[in-house]
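Chains, contacts and geometry: an overview
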Amino acid sequence: MSSFPQIKVIDSHTGGEPTRLVIEGGPDLGGGPLADRVKVFREQHDKFRTAIVGEPRGSDVSVGALLVEPHDKSCQFGIIFFNNVGYLGMCGHGTIGVIVSLAHAGLLTPGLVKLDTPAGVIVAVLAAGGVVTFDNVPSYRREKALPVYLPGIGDVSCDLAWGGNWFCVIDEHSQRLELNNIAQLTAYCVRVRQAVADTGFSEVDHVALFGPGTKAGASSRNFVLCPGGAYDRSPCGTGTSAKLACLAADGKLAVGTEWVQESIVGSVFRAKHRRQGDKIVPTITGTAYVTGEATLLLDQADPFAWGIR
Ligand code: PYC
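Read on for a plain summary of the structure. For clarity, every value in this text was computed on a predicted model and none was experimentally measured. (Residues numbered from 1 in each chain as written. Predicted model: local features only at pLDDT ≥ 70, side-chain atom pairs only at ≥ 80, totals over all residues. Heavy atoms only, no water.)

**Let's talk about the site of the ligand**
The full set of residues close to the ligand is Glu 17, Cys 91, Gly 92, His 93, His 206, Cys 226, Asp 232, Cys 236, Gly 237 and Thr 238. One of the backbone N or O atoms of Gly 92 is found 2.7 Å from an oxygen atom in the ligand. A distance of 2.7 Å separates a nitrogen atom of the ligand from a polar side-chain atom of Asp 232. Taking 240 Å² as the accessible area of the ligand by itself, protein coverage stands at 99%. At a threshold of 2 Å from the grid points, most atoms of the ligand map onto the largest cavity. Elements with a contribution of two residues or more to the shell around the ligand: helix H3 (92-104) and helix H5 (237-249). Classifying every residue of the shell around the ligand by side-chain character gives 3 nonpolar, 5 polar and 2 charged. (Near = heavy atom within 4 Å. Polar contact = N/O pair within 3.5 Å; in protein donor to acceptor, adjacent residues only side chain to side chain. Areas by Shrake-Rupley, 256 points an atom, 1.4 Å probe, with all protein chains shown as cover. 1 Å grid on protein atoms, 1.4 Å probe; cavity = no way out; pocket = protein on both sides within 12 Å on 5 of 7 lines; lining within 4 Å. Sits in = over half its atoms within 2 Å of the grid points. Helix = DSSP H or I, 4+ residues; strand = E, 2+ residues; numbered from the N terminus. Nonpolar A, V, L, I, M, F, W, Y, C, P; charged D, E, K, R; others polar.)

**Section: helix H2 (residues 46-53)**
The periodicity of an α-helix, 3.6 residues per turn, causes residues three or four positions apart to be oriented the same way. Within H2, 7 of the 8 residues are buried, which leaves it mostly tucked inside the rest of the structure. Taken together, the buried positions of H2 are Asp 46, Phe 48, Arg 49, Thr 50, Ala 51, Ile 52 and Val 53. (Buried < 20%, exposed > 50% of the residue type's maximum accessible area, 1.4 Å probe, protein only.)

**Remarks on a nonpolar patch on the surface**
Taken together, the side chains of Leu 112, Val 121, Val 123 and Val 125 define a hydrophobic patch exposed on the protein surface, amounting to about 290 Å² of accessible area. Among the elements that line the nonpolar patch, the one with the most residues is strand E7 (residues 120-127), at 3 residues. Looking at the secondary structure, you find Leu 112 in strand E6 (residues 111-117). (Patch = residues over 30% accessible without salt bridge, like charges linked within 9 Å, V, L, I, M, F, W, Y side chains within 5 Å. Salt bridge = Lys/Arg side-chain N within 4 Å of Asp/Glu carboxyl O.)

Below you can see the structure in the form of structure tokens.
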């Protein structure tokens, strides 16, 4: 038997975007609201984050999810999402992956499930075939048509919206939303994010470009740049929510009307919304598949046991 610290994980992907769920061996973050426990994670146990999703075990694309006791007593599970550079308030593809992984582990059966997250309570339904539908946190647009200037390109009109994470949503960008154009799309979005930060919105750490759908029935295709420089292979649950908030605010998407969001790799989420005061509640449906179960070993003699930090 190995005496290394051991971390049990279940890996999945949702529309191509990976999620690594830690079901055993994660750090003890104490009790209290999940937003407080993220602070403990960040300040006292950040090396667990890099051990789990960082290289050499993980990659920039990996999103981690730590299973914890919920604070909200109506929830069965608490989940804290993290990535290669930090912590996520919410994660749509991750929610779908976590639920399918929990079912794989025998911890839940198809039907209703409630997750406590730092961004709020997520109510979801697991159906056969790894299909998950969840109500995201209330979403809204904060800025409409914020102009940012990119030298060599000109003014770009940005909507800033919350969908569980902060997004810069761009419809007019003249960028080619194709898988063989990732480097150019990434470079463009990095410049946009910096320009948005320079206008005073440094909390906006995701950039989402939208264009016409290419798959039959798709309302739109997107490219989403995540905070750590990777792009979302899935259509991005929180990004789709931010987009819906903008569409709803412009009167371009009626309550209950389906929006089919295609990702840059061609995977699809189905979305709709209802109103909640001056915000919307997006409902997102997607499918996840379990790709592996593993025990991560942290050999203290390994200089990169806690990841390349
Ligand atoms: O699906 O919400 C999402 C997400 C955020 C970052 C990567 N995926």
